[in-house]
Amino acid sequence: MNIRFPYGKSFLTVDISSKNLIPTVGPKPLTGVHNPREAVEHALDHPLSETPLDRIASRSSKVCVVVSDITRPVPNKKILRPIIRRLVKAGVSAENLVLAVASGSHRPPSPSELFQMLGQEIVSKFKVVAHDCLAKSSMVDYGKTSFGTPVAVNRVVADADIKVLTGLIEPHNLSGFSGGRKSILPGVSSIETITANHSPDKLDHPKSVAGVLDGNPIHEDMEEAATMVGVDFVVNVVSNFNGAISKVKSGHFVKAHREGADQCYDASKVMVREPADVAIVATGYPWDQNLYMTINGPNRIVHSPNQVLRQGGTVIVVAECSEGTGLAHTSFYDLLTKASSIDEVIARTSDPNFFIKDKWEAHLWARIMQRYEVIVVTGGMTNAELEKAFMRRERNLENAIEYSFKKHGSDARIIALPNAIKVIPILEDN
């Protein structure tokens with residue numbers, strides 16, 4: 001059977017014999033809305049809150065609209081124009097409206113990426129601030145969550161009278177689902193806040209997996225932080241595999257996010273009949289721009305409600321890695337490559353007294369490689385670069401599959417997840 005795997009903005013196709021391929025059921029396809037603008041307007045007219053957006057803001061309001069960065073395929077232009085139009089109609093001036101890019105710990109967007117994300121009209125008319133998690137002088141402290149996480153967020157968000165969050169709801173390996181409260185933490189939070197939320201005890205918690213919110217300490221910590229900061233309104237979308245808007249939810253940041261997450265879960269479940277020996281995962285652009293982001297594919301195997309890949313199995317990761325390890329994320333790569341073993345990486349990243357930016361990403365990669373062998377199919381990194389990080393590199397999928405057959409036998413069972421970022425694989429008997 002020929003299967004296409006996203007690779008950057010293109011695809012790699014490989015033929016996998018039906019005797020090796022494990023049948024899956026799902027996900028349920030989501031239909032894109034006929035008119036995205038009308039869908040956003042309808043959601044704004046019928047918010048999951050008592051007060052609509054245009055009655056929250058007034059002429060004297062200082063408003064901050066938080067938007068996702070370039071690593072998230074959010075249809076910002078379709079969302080932002082109706083939001084801004086209503087704010088302006090309510091009397092909010094251009095001088096009192098600022099957009100904050102929720103970069104989290106990622107690099108800030110370039111000027112060309114800002115135009116790509118938001119459009120020239122918005123960038124030229126309104127102030128846009130890219131969050132820098134390392135800029136301590138730009139942070140405002142709010143105290144600690146019940147989990148002990150110190151909450152500090154960008155001053156441009158803290159100083160706003162009205163805080164509006166936008167984003168995309170899809171399965172997330174750690175927090176259950178993206179969207180909602182994630183625009184605050186990690187979106188506009190300090191590196192200390194992000195690191196505390198991504199602590200090893202939370203990362204390794206059995207409920208810190210895709211599709212789970214109740215009992216998920218990372219999600220609950222994020223939600224508590226967003227409540228402390230104060231969120232007045234949220235506009236989130238659920239998209240289908242083609243990136244088209246399927247659902248739009250607005251209103252209270254908890255209610256709207258939860259309803260969108262419930263719909264996303266139903267459309268994301270992939271039922272797997274048996275555990276696999278080999279998993280082939282891909283995410284495509286923008287998630288496979290670098291090795292740092294590429295973890296979203298294999299992490300979907302580890303951080304799902306139950307394990308669909310046998311211990312000692314092989315994960316084949318299809319990823320372009322056009323930015324190599326990641327322009328702003330060399331620290332996690334250094335943690336991997338300067339260690340003598342995977343166990344040493346885990347020991348260092350589990351030490352609460354050890355702090356370095358992105359240490360959680362090294363921890364997550366090491367946890368994956370504790371259980372599975374990782375093969376990265378890429379043209380963006382060399383054999384040596386990946387070998388130093390305890391991974392194997394192959395130039396094409398055929399070679400990676402052939403290697404897996406030599407290891408697991410010609411009858412090896414394979415699960416293919418060409419849209420890993422969009423699905424939640426679950427064993428049928430669970």
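Okay, so let's go over this structure. (Residues numbered from 1 in each chain as written. Predicted model: local features only at pLDDT ≥ 70, side-chain atom pairs only at ≥ 80, totals over all residues. Heavy atoms only, no water.)

## Comments concerning the overall build of the protein chain
Turning to step 1, where the next piece is worked out: Check the secondary structure of the protein chain and you find 17 helices and 20 strands.
Turning to step 2, where the next piece is worked out: Reported as C-alpha extents along the three principal axes, the dimensions of the protein chain are approximately 70 × 50 × 40 Å.
Turning to step 3, where the next piece is worked out: Each of the 430 residues in the protein chain was classed as buried or not, and the buried ones make up 58%.
Turning to step 4, where the next piece is worked out: Considering only intrachain contacts with a sequence separation of at least 6, the fraction spanning at least 24 residues in the protein chain is 76%.
Turning to step 5, where the next piece is worked out: Carbon and sulfur atoms form 49% of the exposed surface of the protein chain, whose accessible area is close to 17000 Å².
Turning to step 6, where the next piece is worked out: With 48 positive and 47 negative side-chain charges, the protein chain shows a spacing of 3 Å between the two charge centroids. (Helix = DSSP H or I, 4+ residues; strand = E, 2+ residues; numbered from the N terminus. Buried < 20%, exposed > 50% of the residue type's maximum accessible area, 1.4 Å probe, protein only. Contact = heavy atoms within 4.5 Å. Areas by Shrake-Rupley, 256 points an atom, 1.4 Å probe, with all protein chains shown as cover. Lys, Arg positive; Asp, Glu negative; His and termini not counted. Charge placed at Lys NZ, Arg CZ, Asp CG, Glu CD.)

## Examining the nonpolar core
Turning to step 1, where the next piece is worked out: By size, the foremost hydrophobic cluster in this structure holds 79 residues, and its most contacted members are Ile184, Leu336, Trp365 and Met391.
Turning to step 2, where the next piece is worked out: When residues in this core are grouped by element, the largest group, seven residues, is from helix α15 (residues 359-371).
Turning to step 3, where the next piece is worked out: Excluding anything up to four places from it in sequence, Trp365 contacts Leu291, Thr294, Ile295, Pro298, Phe332, Leu336, Val374 and Met391.
Turning to step 4, where the next piece is worked out: In this structure, Leu53, Leu87, Val101 and Val237 belong to the second largest nonpolar core, which totals 34 residues. (Core = buried A, V, L, I, M, F, W, Y, C linked by side-chain atoms within 4.5 Å.)

## As for the pairing of strand β12 (residues 233-239)
Turning to step 1, where the next piece is worked out: Most of β12 is tucked away, with seven of its seven residues classed as buried.
Turning to step 2, where the next piece is worked out: With burial as the criterion, each face of β12 is covered, one bearing Phe233, Val235, Val237 and Ser239 and the other bearing Val234, Asn236 and Val238.
Turning to step 3, where the next piece is worked out: As judged from the five bridges shared by strand β9 (residues 162-168) and β12, these two strands associate in the parallel manner. Across the sheet, residue Leu168 finds its bridge partner in β12, namely Val237.
Turning to step 4, where the next piece is worked out: Joining the antiparallel neighbours β12 and strand β13 (residues 245-251) is a turn of five residues, in which Gly243 adopts a positive phi near 85°. (Pairing = 2+ DSSP bridges.)

## Regarding the state of the cysteines
Turning to step 1, where the next piece is worked out: Within the structure shown, the criterion is met by zero disulfides.
Turning to step 2, where the next piece is worked out: For Cys64, which is in no disulfide, the shortest distance to another cysteine sulfur is to Cys133 and amounts to 17 Å.
Turning to step 3, where the next piece is worked out: On the basis of relative accessible area, Cys64 is assigned to the buried category, the value being 0%. (Disulfide = S-S within 2.5 Å.)

Remember, this is a structural readout, not a statement about activity or role.
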